Amino acid sequence: MRVASIGQRHCVLTAKSHHCLHPAVRTKQRALRPGSDVKGNTSYGRSVLCSATDVSKGGGRPVLNNESWEQTMRSATPVFPRDSAPKEKLRVFSGTSNRALSEEVACYLGLDLSPIRIKRFADGEIYVQVGESIRGCDVFLVQPTCPPVNDNLMELLVMVDACRRASARSITAVLPYFGYARADRKTQGRESIAAKLTANILTEAGADRVLAMDLHSGQCVGYFDIPVDHVYGDAVILDYLASKRIATDQLVVVSPDVGGVARARSFAKKLNDVPLAIVDKRRSAHNVSEVMNVIGDVEGKVAVLVDDMIDTAGTITNAAKVLREQGAKEVYACASHAVFSPPAIERLSSGVFEEVIVTNTIPVDPENQFKELTVLSVANLLGETIWRVYNSTSVQSIRE
């Protein structure tokens, strides 16, 4: 399978190739398996080149000078030489919620997924048995708590318990998507804070560390009484946007609501500090939003809506419609987590978006695919973070 490349790198993904850099891929592409070939077959990908040196080829338009995080990371002197680092105590297990992503992460690390038996009894109870000795090993459990949230969360808890009882030295819960993260505060009386409750349950189950990607709010990190490594997937999306070679004077980053201003401002700064706009909305009920007005100039520009997730797509679709009314030339939607609860697909494919860009933290079912959708892989980012946690080196330096 021939695929697009980020940072102008290609490779053949083999089970023992830990230098492979898996690319951004179109949503129609199936998950790469160890041993897949990147040459000679049908292409579902888009060429992703993040160099700013080909201005002349772009018709004289400026190119976003956004160097790939992978290029930056590998040009630096390695803190822990990969070829000499021992891996015999590193184990990566996958739950059932997103096995394709787990396989890509294991491929990046040059490992096979460790065997684990997971089944459900007739009454819905979950059974987990680790398939090999993990005594004294550092275990990483990859399991996004995506829909069905409660089933996947309970499965993760039983996996943690099984590894703890198998005498693992450390257990890290890798949460590409953290369900219940939106219940992070009390907005009315007598409400629960389910994000804190979920954090407590994970800790009590036996997790020693959490590796999470793009939490709904930074305060969720403080809900855990164990170390949390918070990874940001915007690096992957920024690499992809940079490849589109849109003139910086034509771009504007838009926050779909006031709560996402900090996220959008950070995103805009990395896109050569392009202008920022804000959509003011009023929410009358859960999953229901009403857009009021736009703060900022979007007329004649390419608007990039940035959010952490797309659930029912009401907020981001209403924002896109208002941006079109205000004269935006094109509207792109960017989010890390594709929750896609009904009627999200109908809204996103209605024609208001030029492209909807998400990552594969949550698997996108075939029936939820549409022509405007692009899915980017975060396997390299998660794999690199796991490697650094395992070797006790800096995770923060990935973003620097």
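Residues numbered from 1 in each chain as written. Predicted model: local features only at pLDDT ≥ 70, side-chain atom pairs only at ≥ 80, totals over all residues. Heavy atoms only, no water.

Considerations on the sheet that holds strand E7 (residues 209–213)
- Overall, parallel pairing links the five strands, which are arranged E2-E5-E6-E7-E8 in an open sheet. Looking at strand neighbours, the two that pair on one side only are strand E2 (90–94) and strand E8 (228–231), the edges of this open sheet. Adjacent strand axes in the sheet meet at a mean angle of 20°, parallel and antiparallel pairs treated alike.
- With four bridges connecting them, E7 and E8 associate as parallel partners. Within E8, the position partnered with Met 213 by the bridge is Val 231.
- Sheet contacts for helix H9 (residues 379–390): E2, strand E5 (138–142), strand E6 (170–175), E7 and E8; angle to E7, the most-contacted strand, approximately 155°. (Pairing = 2+ DSSP bridges. Helix = DSSP H or I, 4+ residues; strand = E, 2+ residues; numbered from the N terminus. Axes fitted to C-alpha atoms, helices over the stretch in contact; angles between N-to-C directions. Contact = heavy atoms within 4.5 Å.)

Let's talk about the confidence of the model for the protein
- Confidence in the prediction for the protein averages 83 pLDDT; 76% of positions are at 70 or higher.
- Taken as a whole, residues 1–63 scores under 50 in pLDDT and shows 159 contacts with residues more than four places along the chain or in a different chain. (pLDDT = per-residue confidence, 0-100.)

Examining helix H4 (residues 194–205)
- With twelve residues, H4 ought to run about 16 Å at 1.5 Å a step, and its terminal C-alpha atoms sit 16 Å apart, in line with that.
- By the burial criterion, the buried members of H4 are Ala 194, Ala 195, Thr 198, Ala 199, Leu 202, Thr 203 and Ala 205.
- On its buried face, H4 sits against helix H3 (149–165) and E6.
- Two residues or fewer after H4 comes Gly 206, characterised by a positive phi angle close to 125°. (Expected span 1.5 Å × (residues − 1). Buried < 20%, exposed > 50% of the residue type's maximum accessible area, 1.4 Å probe, protein only.)

A short note on the side chain of Asp 311
- By the secondary structure assignment, Asp 311 is in the loop between strand E12 (302–310) and helix H7 (314–325).
- Classification of Asp 311 as buried rests on a relative accessible area of 12%.
- At 2.8 Å, the side chain of Asp 311 and the side chain of Arg 182 are in polar contact.
- A distance of 2.5 Å separates the side chain of Asp 311 from the side chain of Ser 341, its partner in a polar contact. (Polar contact = N/O pair within 3.5 Å; in protein donor to acceptor, adjacent residues only side chain to side chain.)

Concerning the nonpolar core
- Ranked by internal contacts, the top residues of the largest apolar core, which has 45 residues, are Leu 109 and Phe 267.
- Tallying contributions element by element places H9 first for this core, with seven residues.
- Residues Ala 199, Leu 202, Val 210 and Ala 212 belong to the second largest nonpolar core, which totals 37 residues. (Core = buried A, V, L, I, M, F, W, Y, C linked by side-chain atoms within 4.5 Å.)

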